[in-house]
Each structure stands twice: as C-alpha cells, then as structure tokens.
Amino acid sequence: MTLRAFKPASSLRQAPPPRTAFWAVSFVILAFSVALALLPPALVKIKPEMGLTTGQAGQLSGVLFAPFLVMVFAGNYASRFVPKGTIAAVGCAFLVAGCAAAGMCRDYSGLMAAAALLGMGSGLIEPTAPALIGGLWEGRKRTAAMNYSQVSFAAGSIGIPVGMAALIAAGGNWRAAFWAGAAVCSLSGLWMVASGTVHAGYEPPGKSERRAVLDGFALLLIAAMFAYVAAEVSVCYWLPSYFQQVLNAPDAMAAATNGVFWTGAIVGRLAAGYFSKTAGDVWLLRFSAVAGTLIMLLFWTLDTPATGMAATALIGLAFACIWPTILSYAGHVYGARLGQVFPWIIAAGAFGAAAGPVIGGGAAARFGQHAGFLVNPIFFALISLIVIAAPGREKWARPGA
C-alpha cells in the first residue's frame, strides 16, 4: 500500500505529511471526547446547585443533539469550499466556547447555551476527523489508522469521568473541569494550525459527486451504524443501574462500569488496528458483531458483580472496532466520495445515540432491568445480519459500477 497525501488547499498551502496529520487529528478526537464527556458526570453537582429537575437534565441531551445534526451536514457542505482540517479547527473553537460557557453559566439557560455550542463543535468534528484520517491511507492501512485514532476517544471517555469523580471527591469546583476542557480543546485547535493540518483534506467536488450515494450499500451501513451506537449508548447508560438493581453491586462498583467498558474498548481498538493488517473490514465487522451478541447474551445470564464486571470488559472489547471499521469500509468502497457518505452514517449514529437509551429504558420499565437488557444483543444481531448482507451490495456502490 502507498501513502496518499491530501490535496492542498492551494499551491502555497501544503498539507502536512500523513503521520503529522494523523497525530494532530487524533488529538482533536481526544479533545472532542473530553468536551462531550464533561457534562454527564458534572450534573451530579450541577443539578442541586442550579435546582434542576431530572427532566431538565435530560433535555440537555436534546439541546446538544439538534445542533449536532445540523452541523454534521453544514460541515459536509462547507468541505466543498474549504479544507476539512479548517472545519475541524472551527469545531475546536466551538468546543472551547461551549466549555467556557459551561464554566461561566449561572442558570439553566446558560447551561443550555453551553450544550448547544458543544453540539455544534461536535457536529463539525465527528464526521470530519474520520474523513481526514480515512484520506491519509488506503486499503488495510486505513482500517488500522481509523481504529488507532479512536483509541484517543476511548481514553477521553475513561479519563473524564474518573477525573471528575476525583475532583468532586477532593472538594473541587466542577467548573474547573470545564475550564481544563477548554484548554485541551484550545491546544487541539492550535496544533491543527501549527502542524499545517488545518489545510488538509481539500477535495473540490467532481463529477463523481453527482452520483447519489444513498444506494443500497450506504443504507446498510447507515442501519449498522444506527444499531451500533444505539447499543453502545444504551449499554453505557444502563450498566450502572443494571449492576445496582440486578447484580446488587455496591455503588462504587456500579459507577466504575463505564470505565471498565471503555478500557476494554481501548484494548479492542489497538487489537483491531493490529489484526487489520491481515483481516479485511468485513471479517473484522462480522467477528465483532457476532462476538458482541454472544457476550451480551452471556452477560444477561450472570448473577454476580465480579463476573458481570469481567463480561463488561469483554463487551467493550467486542464493541471496539465497529464504529471506525464501518467508516473505513465506506471509505474503501466510495473512495473520493467518502466525504459525501460519512455525514449520513454519522447522523445515523447520532439518531442511534438518542434512540438507544429510550428503547432500552422503555423495555426496562415495562419488563424489568434484566429483560430490558436484551434490547442490546438484538441490536448487535441486526449488525451481524447487515455485515453478512453488505458484500452483496458493495460492488454496485463502487465507482464505475
């Protein structure tokens, strides 16, 4: 395989070498995960301080979700005229503003404004960062790079809840965490500029973009991403409650379950990056989807916190590679048009993030926490069926087909 450099935005502004861009974009992904992970654990202190109801706290997800979707498609349109690196840097600026707004807010309206800004920055970064990474390499090197870059997302997802818990335990102010998040996001944007990655990823629309990308293959990937993110968010959302109510775990152990899940995800993404050298996208996806289904069914049969914790790590391990590998698979098939299809796949994931906890919570409320958890292996069984069917549609989606 050969490295494929980005097209420069102009003859005077060259994109950096692929490895330089990889590290700059990976740090943007870390900043993105840090900014997103700050609000949920901070609500432990924000709710009593501002007198928020549970309903108001839940509404913040919608406040973040709506601008996220708008900016996903706005960023895709803007990429026709400016480099993707510039769009990611602008996303960092929105994250800085969102973190700063949260650090300064004194009431619920200020918190809603902060959530909206975080959603706008996230919407610009989430589809753009993998598109930048996907453009650096081709073939199986792309799959490895996509998985390796997402290790930084998992690291932020682990570090922020743990750091926030330590800050609160030490008697610190939750606002300090948001100011630290603003500093991380500022550094990520500055790194994009200093490294030249801000000029990377400029691909003006060509004739190939006139062809519709929402073909059968794209719809399968969209459905797979919806099911994956619905399961991931639902699992993370309900794990603490499941450990408390079904496995009778201590509160501290229940609170640690998401950290265990994401630790498994880090190991899984490193492993997927390594094994992608010999296994293709389809086989990685099939293995992960089937393994995730079986491990979640095994988890459902367990009745002790210790065995449940071990299974939680295995769930994270099985989940790990699906998100980046779906995007890598799309990149392999659509080539230069990957920037077109990414926003639709990312948007499907955003809908899954909203739908998963609602579906899982509704099932838990109707049938109990134990039975309600079965929604998650059902989502993964659907992914298994999709990745079995996808290669049959793949050839029709490739350029020239």
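Everything numeric in this text was worked out from a predicted model, so none of it was measured.

What counts and what doesn't
Residues numbered from 1 in each chain as written. Predicted model: local features only at pLDDT ≥ 70, side-chain atom pairs only at ≥ 80, totals over all residues. Heavy atoms only, no water. Helix = DSSP H or I, 4+ residues; strand = E, 2+ residues; numbered from the N terminus. Buried < 20%, exposed > 50% of the residue type's maximum accessible area, 1.4 Å probe, protein only. Areas by Shrake-Rupley, 256 points an atom, 1.4 Å probe, with all protein chains shown as cover. Lys, Arg positive; Asp, Glu negative; His and termini not counted. Charge placed at Lys NZ, Arg CZ, Asp CG, Glu CD. Axes fitted to C-alpha atoms, helices over the stretch in contact; angles between N-to-C directions. Parallel < 35°, antiparallel > 145°, perpendicular 65-115°, else oblique. Left-handed = near helix turned anticlockwise from the far one by under 90°. Contact = heavy atoms within 4.5 Å. Nonpolar A, V, L, I, M, F, W, Y, C, P; charged D, E, K, R; others polar. Patch = residues over 30% accessible without salt bridge, like charges linked within 9 Å, V, L, I, M, F, W, Y side chains within 5 Å. Salt bridge = Lys/Arg side-chain N within 4 Å of Asp/Glu carboxyl O. pLDDT = per-residue confidence, 0-100. Phe/Tyr/Trp six-rings, centres within 6.5 Å; stacked < 30°, edge-to-face > 60°. Lys NZ or Arg CZ within 6 Å of the ring centre and 35° of its normal. Expected span 1.5 Å × (residues − 1). Core = buried A, V, L, I, M, F, W, Y, C linked by side-chain atoms within 4.5 Å. Polar contact = N/O pair within 3.5 Å; in protein donor to acceptor, adjacent residues only side chain to side chain.

Colleague: Which parts of the structure should I look at to understand the overall build of the chain?
Modeller: When helices and strands are counted, the chain shows 16 helices and 0 strands. Projected onto the principal axes, the alpha-carbon positions of the chain cover approximately 60 × 45 × 30 Å. Residue burial in the chain is summarised as follows: out of 401 residues, 55% are buried. Element-wise, carbon and sulfur atoms account for 70% of the exposed surface of the chain, whose accessible area totals about 16200 Å². In the chain, which carries 24 positive and 12 negative side-chain charges, the distance between the mean positions of the two groups comes to 9 Å.

Colleague: Which parts of the structure should I look at to understand the packing of helix 11 (residues 281–301) against helix 13 (residues 322–334)?
Modeller: Running from amino to carboxyl end, helix 11 crosses helix 13 at an angle of 155°, the nearest separation of the two axes being 10 Å. As the angle between them shows, helix 11 and helix 13 are arranged roughly antiparallel. Crossing handedness for the pair helix 11 and helix 13: left-handed. Between helix 11 and helix 13, the contacting residues are Asp281, Val282, Leu284, Leu285, Ser288 and Ala289 on the first element and Ile322, Thr325, Ile326, Ser328, Tyr329 and His332 on the second. Class assignment for the residues of the contact of helix 11 with helix 13 results in 7 nonpolar, 4 polar and 1 charged.

Colleague: Honestly, a nonpolar patch on the surface in this entry has me stumped. Any pointers?
Modeller: A surface patch of nonpolar side chains, about 350 Å² in accessible area, is lined by Phe73, Leu214, Leu219 and Trp344. You can call Trp344 partly exposed: its relative accessible area is 38%.

Colleague: Whenever I open this one, unusual backbone geometry confuses me. Can you help?
Modeller: Negative phi values dominate among residues other than glycine, just as trans dominates among peptide bonds. Phi is positive for Asn248, close to 55°, though the residue is something other than glycine. You can see Asn248 is positioned in the loop between helix 8 (216–245) and helix 9 (251–255). According to the relative accessible area criterion, Asn248 is exposed, its value standing at 61%.

Colleague: Got a minute to help me understand the confidence of the model for the chain in this structure?
Modeller: Regions with low pLDDT should not have their predicted coordinates read in detail. Put simply, the chain has an average pLDDT of 84, and 91% of its residues get 70 or more. Averaged pLDDT values for the elements of the chain fall to 77 in helix 9 and rise to 96 in helix 3 (residues 84–104). For residues 1–12, every residue scores under 50 in pLDDT, and the model assigns this stretch 29 contacts once sequence neighbours within four places are set aside.

Colleague: What is the right way to read the packing of aromatic side chains from this model?
Modeller: The relation between two aromatic rings is expressed through the spacing of the ring centres and the mutual angle of the planes. Within the structure shown, the criterion is met by 18 aromatic pairs. With 5.2 Å between their ring centres and 85° between their planes, Phe261 and Trp262 make a pair best called edge-to-face. Side by side, Phe261 and Trp262 carry an identical accessibility label, which is buried. By way of ring pairs, the aromatic residues Phe32, Phe153, Tyr228, Phe261, Trp262, Phe319 and Phe380 are connected into one cluster. Its end group placed over the ring of Trp283, Arg286 keeps NZ or CZ at 4.9 Å from the ring centre.

Colleague: Can you walk me through helix 4 (residues 108–134) in this structure?
Modeller: In an α-helix, one turn spans 3.6 residues, which is why side chains three or four residues apart end up on the same side. Compared with an ideal rise of 1.5 Å per residue, which puts 27 residues at 39 Å, helix 4 spans 39 Å between its outermost C-alpha atoms and is within 8% of the ideal. The buried count for helix 4 comes to 21 of 27 residues, which makes it a mostly enclosed element.

Colleague: Help me understand the side chain of Ser328 in this model?
Modeller: Its location among the elements puts Ser328 in helix 13. Since its relative accessible area comes to 0%, Ser328 is described here as buried.

Colleague: What's the story with the pattern of salt bridges in this structure? I'm lost.
Modeller: Any two side chains of opposite charge can pair, on the condition that their charged atoms come close. Considering all chains together, one arrives at 1 salt bridge under this definition. Linking Glu49 and Arg175 is a salt bridge whose minimum nitrogen-to-oxygen distance equals 2.9 Å. Remark: Arg175 occurs in helix 7 (residues 174–195) and Glu49 occurs in helix 1 (residues 18–50); sequence separation between them is 126 residues.

Colleague: Got a minute to help me understand the nonpolar core in this structure?
Modeller: If you look at soluble globular proteins, the nonpolar side chains tend to sit buried side by side. Within the largest apolar cluster, 122 residues are counted, with the highest numbers of intra-cluster contacts made by Ile46, Tyr228, Phe319 and Ile345. Setting aside chain neighbours within four positions, we find Ile46 in contact with Leu39, Gly51, Leu52, Leu111 and Trp174.

Colleague: Would you mind going over the side chain of Ser152 with me for this structure?
Modeller: Here Ser152 shows up in helix 6 (residues 151–169). Within the local environment of Ser152, its side chain forms a polar contact with the backbone oxygen of Ser149, the two atoms lying 2.7 Å apart. When residues no more than four places from it in sequence are discounted, the contact partners of Ser152 are Ser26, Ile29, Leu30 and Ser33.

Colleague: Is there a simple way to think about the packing of helix 11 against helix 12 (residues 305–319) in this case?
Modeller: Relative placement of two packed helices is described by the angle separating their axes and the distance separating the axes. The N-to-C vectors of helix 11 and helix 12 enclose an angle of 165°; their axes lie 9 Å apart at closest approach. With respect to helix 12, the element helix 11 is oriented roughly antiparallel. When the axes of helix 11 and helix 12 are compared, the crossing they make is left-handed. Where helix 11 approaches helix 12, its residues Ser288, Ala291, Gly292, Ile295, Met296 and Phe299 are matched on the opposing element by Gly308, Ala311, Thr312, Leu314, Ile315, Ala318 and Phe319.

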